[in-house]
Amino acid sequence: MSRYADFYRQSIDEPEAFWAEQARLIDWETPAAQVLDASKPPFTRWFVGGRTNLCHNAVDRHLAARGDQPALVFVSTETGVERNYSFRELHDEVQRTAASLIALGVGRGDRVLVYMPMIPEAAFAMLACARIGAIHCVVFGGFASGSLASRIEDATPKLIVSADAGSRGGKVLAYKPLLDEAIRLSAHKPDAVLLVDRGLAPMALTEGRDHLAAALLAQHRDAEVPCTWLESTEISYTIYTSGTTGRPKGVQRDTGGYAVALAASMKHIFDGRAGETYFSTSDIGWVVGHSYIVYGPLIAGMATIMYEGLPTRGLDRQPDGGIWWRLVEKYKVTVMFSAPTAVRVLKKQDPALLKKYDLSSLRALFLAGEPLDEPTGRWIADGLGVPIIDNYWQTESGWPILTVANGVEPMPSKFGSPGIPMYGYKVKILHEATGEELTGANEKGVVAIEGPTPPGFMQTVWRDDARFVDTYWKSVPGKLVYSTFDWGIRDEDGYYYILGRTDDVINVAGHRLGSREIEESISGHPNVAEVAVVGVADDLKGQVAMAFVVPKDGAALTDAAAALALEGEIMQRVAGDLGALARPARVRFVGALPKTRSGKLLRRAIQAVCERRDPGDLTTMDDPAALQQIRHLLA
Ligand code: ATP
Ligand code: MG
């Protein structure tokens, strides 16, 4: 058996021994009395009786060995600020923030909602919460008042931490008016609001409720706030899923299991080592930001780069499509983490930028969040000359479910496949109607996970155990098994392929087609930059496929003849790849596709517009104009 196969087997056959070993990667005040409690499925409790603290593991425990080494590197191409914090400085900042939270009445178990741009104070706030046992709930900075209000109501925070403004591509977005409106809309009101003033937008303060961070922090300059030791199973944070498929779910995470899962993933999957630099281009508003901007790298003793801005602007705030590679060179980044959507943005830049900098420190680029199409994967692999490692996971899982564990044993990646099941995950392909396990190669079914779920996995839906059980564990008939709501297959070598969301099925005259398969075929056309395929109700066939394509050269956008020709080529291509049934009824050309703020395609919204229905809550959308354009096209 290969080394990884052996490692994986142990995690499944002897989970207690396996995870007891991984638990040694972090510090415990009290070690666990019971490694795994799976007595009440589908609920899983890890390291029961153990006491630890995330902030201690991310910050304090590194002080002795690497106190003066960089911990947090802040780079903003929005404000032109670049600043390093050593572990010691980070320790000071977090204690000041923790003291400020305590002064505002926050204690163990209280919720603190963080509505912040990508600035160091956001990470300080998260770590300060972890330090004192408060539960943070980070909401993506810049979400509109309606989305924010519903999250305030759900989390019922005692305190909200925010800032005057965020900035994107040089455009300042004032947060305070959005926050004030959200608090007005919410039935729950926080006791206090702590505000970082970046000097970007004026703020109107509400007497008695709003506090400027600078004033409070100054009062607590020399504060010493010890870490509160928490039960392993105590809640560290809640975070909402991206809302791609409907009402976001409040994912609740524990403390000890999460710390162990991250420490183990840094070693076995990301292969990041203490003293090195990790660069994740995500945002703290997403799970990747929690796991691999803030906690994961710091737990591993690495410096983490916190980047505010677009991938296409420099520190001088002039266009610079090479800024990320410039940072890789400057900070000798060894591990980088981004998303396919960001790579597609970079693909529009001069490819020479990938060769301009010394990227020899970089060992791998990890990509996650959506399917990595082969052309995009190849483009960045050729350009960078380092392994591109796709990894599949969910807000719910907290760390990768499918990828390769190069820290255990180097393994090849396959284009189009995120990889194989990670240790601790019993991944199955199940027949959607019968629930029967599909064990043959390339049989398509629902990707499911059998319990007990590994450390780091969500504990439940915040304050809604019933929703947790009903939504995730009861969708496959006759079995208590976790559904990812994604389609997948496993090939003869055991590599999985994700074929799209279970609700992205298009039913044409009784034939079921995956939008993802059609998209894959279309994106292979040399003139296609991006594509979304949705099923639209049709009187005759039940549903037909509609394709929306962002062409690489703009001719198809402005010239009807060019559009017609390209539409024909695309239809022919799909018919050739997948058969005439899969051929889209129409191909429409657009300048951009509607996406969530994290860059995920909003097929659900496109479909609604195509069917002249209300696309629902669009406040988490990146660019409402993209949807507007589709509406115009169809009118
Ligand atoms: P919601 O659950 O609220 O609809 P969401 O599923 O988009 O939103 P996330 O948890 O951010 O919220 O995303 C997880 C999903 O993203 C996965 O279920 C999968 O559909 C997709 N995904 C993530 N990584 C990959 C990947 N490497 N390859 C293919 N799909 C991926
Ligand atoms: Mg989801």
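None of these values were measured; they are calculated from a predicted model. Numbering of residues starts from 1 in each chain and follows the order in which that chain's sequence is written. The order in which chains are written sets their letters, starting at A; the order in which ligands are written sets their numbers, starting at 1. Given that this is a predicted model, residues contribute local features only at a pLDDT of at least 70 and side-chain atom pairs are listed and counted only at 80 or more, while totals for whole chains, interfaces and linings are drawn from all residues. Only hydrogens and water are set aside; all other atoms, that is, all heavy atoms of the structure, feed into the side-chain values.

Colleague: Got a minute to help me understand the environment of Gly-510 in this structure?
Modeller: Helix and strand definitions follow DSSP, with helices as H or I runs of at least four residues and strands as E runs of at least two, each counted in order from the N terminus. Examined against the element boundaries, Gly-510 turns out to sit in the loop between strand S28 (505-508) and strand S29 (511-514). The spatial distance from the C-alpha of Gly-510 to the C-alpha of Gly-542 is 7.8 Å, given a sequence separation of 32 residues.

Colleague: Help me understand the environment of Ala-64, please; the structure alone is not making it clear to me.
Modeller: Within the secondary structure, Ala-64 sits in helix H4 (residues 63-66). Only protein chains enter the area calculation, which uses a 1.4 Å probe; residues under 20% of their type maximum are buried, those over 50% are exposed, and those in between are partly exposed. Looking at Ala-64, the relative accessible area reads 79%, which means it is exposed.

Colleague: Would you take a moment to explain the pattern of salt bridges for this structure?
Modeller: If charged atoms from side chains of opposite charge come close, those side chains can pair. Salt bridges, as used here, are contacts in which a Lys or Arg side-chain nitrogen is within 4 Å of a carboxyl oxygen on Asp or Glu. Taken as a whole and judged by the stated rule, the model has 36 salt bridges. For the salt bridge of Lys-414 with Asp-491, the shortest nitrogen-to-oxygen distance reads 2.8 Å. With Lys-414 in the loop between strand S21 (402-403) and strand S22 (420-421) and Asp-491 in the loop between strand S26 (482-490) and strand S27 (496-501), the pair connects residues that are 77 residues apart, well separated along the chain. We classify Asp-491 as buried; its relative accessible area is 7%. A salt bridge links Glu-567 to Arg-586; its shortest N-O distance comes to 3.7 Å. Taken together, the residues Glu-567 in helix H18 (residues 560-578) and Arg-586 in strand S32 (residues 586-589) connect sequence positions 19 residues apart. On the basis of relative accessibility, which here comes to 37%, the residue Arg-586 falls in the partly exposed class.

Colleague: Teacher, can you tell me more about the sheet that holds strand S5 (residues 81-86) here?
Modeller: Hydrogen bonds between backbone atoms are what pair the strands of a sheet, whose relative direction is either parallel or antiparallel. Two strands pair if DSSP finds at least two bridges between them. If you walk across this open sheet you meet the seven strands as S5-S4-S17-S16-S18-S19-S20, and the pairing is mixed. One side of each edge strand has no neighbouring strand; the edge strands of this open sheet are S5 and strand S20 (388-390). Taken over all neighbouring pairs, the strand axes of this sheet differ in orientation by 20° on average, direction set aside. Where strand S16 (residues 277-280) lies against strand S18 (residues 333-338), four bridges are found, and the strand directions are parallel. Along S18, the bridge assignment pairs Thr-277 with Val-333. Relative to the sheet, helix H14 (residues 374-384) contacts strand S19 (364-367) and S20, its axis offset from that of S20 by approximately 150°. The axes used here are C-alpha line fits, helices contributing only the stretch in contact, and every angle between their N-to-C directions lies in the interval 0 to 180 degrees. By the convention used here, residues are in contact when the closest approach between their heavy atoms is within 4.5 Å.

Colleague: What am I meant to see in the confidence of the model for the protein chain here?
Modeller: A low pLDDT means the predicted coordinates there should not be read in detail. Every residue carries a pLDDT, the predictor's confidence in it, which falls somewhere between 0 and 100. Across the protein chain, pLDDT averages 94, with 99% of residues at or above 70. Model confidence for the protein chain, summarised as mean pLDDT per element, is weakest for S29 at 82 and strongest for helix H3 (residues 54-58) at 99.

Colleague: Help me understand the packing of helix H19 (residues 603-610) against helix H20 (residues 624-634), please; the structure alone is not making it clear to me.
Modeller: Working note: a packed helix pair is described by the angle between its axes plus the distance between those axes. At a minimum axis separation of 10 Å, H19 and H20 run at an interaxial angle of 25°. On the basis of their axis angle, the class for H19 and H20 is roughly parallel. When the axes of H19 and H20 are compared, the crossing they make is right-handed. Counting all contacts with H19, which are made through Ala-605, Ile-606, Val-609 and Cys-610, the residues of H20 involved are Leu-627, Ile-630, Arg-631 and Leu-634. Lys, Arg, Asp and Glu make up the charged group, whereas Ala, Val, Leu, Ile, Met, Phe, Trp, Tyr, Cys and Pro make up the nonpolar group; the residues left over, Gly among them, are polar. Looking at side-chain class alone, the contact of H19 with H20 contains seven nonpolar, no polar and one charged residues. Each angle gets one of four labels, with under 35 degrees taken as roughly parallel, over 145 as roughly antiparallel, 65 to 115 as roughly perpendicular, and the rest as oblique. In this scheme the handedness of a crossing depends on how the near helix is turned from the far one: anticlockwise by less than a right angle means left-handed, clockwise means right-handed.

Colleague: Looking at this model, I keep getting lost on the side chain of Asn-391. Mind explaining?
Modeller: Assignment of secondary structure puts Asn-391 in the loop between S20 and S21. Relative accessible area serves as the criterion here: at 2%, Asn-391 is assigned to the buried category. Among the polar contacts made by the side chain of Asn-391, one reaches the main-chain carbonyl oxygen of Ile-389 at a distance of 3.5 Å. Residues adjacent in sequence count toward polar contacts only when both atoms are side-chain atoms; beyond that, a polar contact is any pair of N or O atoms within 3.5 Å, and within protein one must be able to donate a hydrogen and the other to accept it. A distance of 2.8 Å separates the side chain of Asn-391 from the side chain of Trp-393, its partner in a polar contact.

Colleague: How should I be thinking about helix H7 (residues 145-155) in this particular structure?
Modeller: Two residues of an α-helix separated by three or four positions point the same way, owing to the 3.6 residues in each turn. For H7, the complete set of buried residues consists of Ser-145, Ser-147, Leu-148, Ala-149, Arg-151, Ile-152 and Ala-155. Contacts from the buried residues of H7 go to strand S6 (111-115), strand S7 (135-138), strand S8 (159-163), helix H8 (176-185) and strand S14 (237-240). Backbone geometry just after H7 places Thr-156 at a positive phi near 40°.

Colleague: Looking at this model, I keep getting lost on the environment of Phe-74. Mind explaining?
Modeller: Along the polypeptide, Phe-74 turns up in strand S4 (residues 70-76). Residues Phe-74 and Ala-64, spaced 10 residues apart in sequence, show a C-alpha to C-alpha distance of 23 Å. If we ignore the near neighbours within four places in the chain, the residues touching Phe-74 are Val-81, Glu-82, Arg-83, Met-118, Ile-119, Pro-120, Met-306 and Glu-308.

Colleague: Looking at this structure, I do not really get the packing of aromatic side chains. What am I missing?
Modeller: Given two aromatic rings, one states the distance between the centres and the angle between the planes to describe the pair. Put simply, two rings from Phe, Tyr or Trp (the six-membered ring, in Trp's case) pair if the centres are within 6.5 Å, and we call them stacked under 30 degrees between planes, edge-to-face over 60, tilted for the rest. In the structure shown here, the tally under the stated rule is 39 aromatic pairs. A ring is scored as having a charge over it whenever the NZ atom of a lysine or the CZ atom of an arginine sits within 6 Å of its centre and within 35 degrees of its normal. Directly above the ring of Tyr-240 sits Arg-151, whose terminal nitrogen or CZ lies 5.4 Å from the centroid. The ring of Trp-487 carries the charged tip of Lys-444 above its face, separated from the ring centre by 5.2 Å.

Colleague: Please explain a negative patch on the surface as it appears in this structure.
Modeller: Exposure above 30% relative accessible area and the absence of a salt bridge qualify a residue for a patch, where like charges join within 9 Å and nonpolar side chains (Val, Leu, Ile, Met, Phe, Trp, Tyr) within 5 Å. Here the accessible surface of atoms and residues is derived via Shrake-Rupley with a 1.4 Å probe, and residues count as covered only by protein chains that are part of the display. The positive count covers Lys and Arg only, the negative count covers Asp and Glu only, and His and the chain ends enter neither. Note that the charge is assigned to NZ on lysines, CZ on arginines, CG on aspartates and CD on glutamates. Side chains of Glu-89, Asp-92, Asp-222 and Glu-224 sit close together on the surface and give a patch of like negative charge. The residue Asp-222 is located in the loop between helix H9 (213-219) and strand S13 (230-231) in this model. Look at Asp-222 and you get exposed, because its relative accessible area is 69%.

Colleague: Teacher, can you tell me more about the nonpolar core here?
Modeller: The tendency in soluble globular proteins is for nonpolar side chains to be buried side by side. Throughout, nonpolar core names a set of buried Ala, Val, Leu, Ile, Met, Phe, Trp, Tyr and Cys residues whose side chains join them through atoms within 4.5 Å. In this structure, Tyr-4, Trp-19, Leu-127, Tyr-292, Tyr-295 and Tyr-423 are the most contacted members of the largest nonpolar core, which totals 124 residues. Counting residues per element, this core draws most heavily on helix H6 (residues 120-132), at 10 residues. Filtering out sequence-adjacent residues up to four positions away, Tyr-292 remains in contact with Leu-262, Ser-265, Met-266, Phe-270, Tyr-278, Ser-280, Pro-297, Phe-337, Trp-393, Gly-398, Trp-399 and Pro-400. Core analysis: the next-biggest nonpolar cluster, separate from the first, contains 28 residues, Phe-279, Tyr-331, Leu-354 and Leu-362 among them.

Colleague: Mind showing me how you'd approach the pairing of strand S30 (residues 528-538) here?
Modeller: Working note: regular strand, side chains alternate between the two faces of the sheet. Counting buried positions along S30 gives nine out of 11 residues, so the element sits mostly inside the fold. Between S30 and strand S31 (residues 542-551), which pair antiparallel one after the other, the connecting turn spans three residues.

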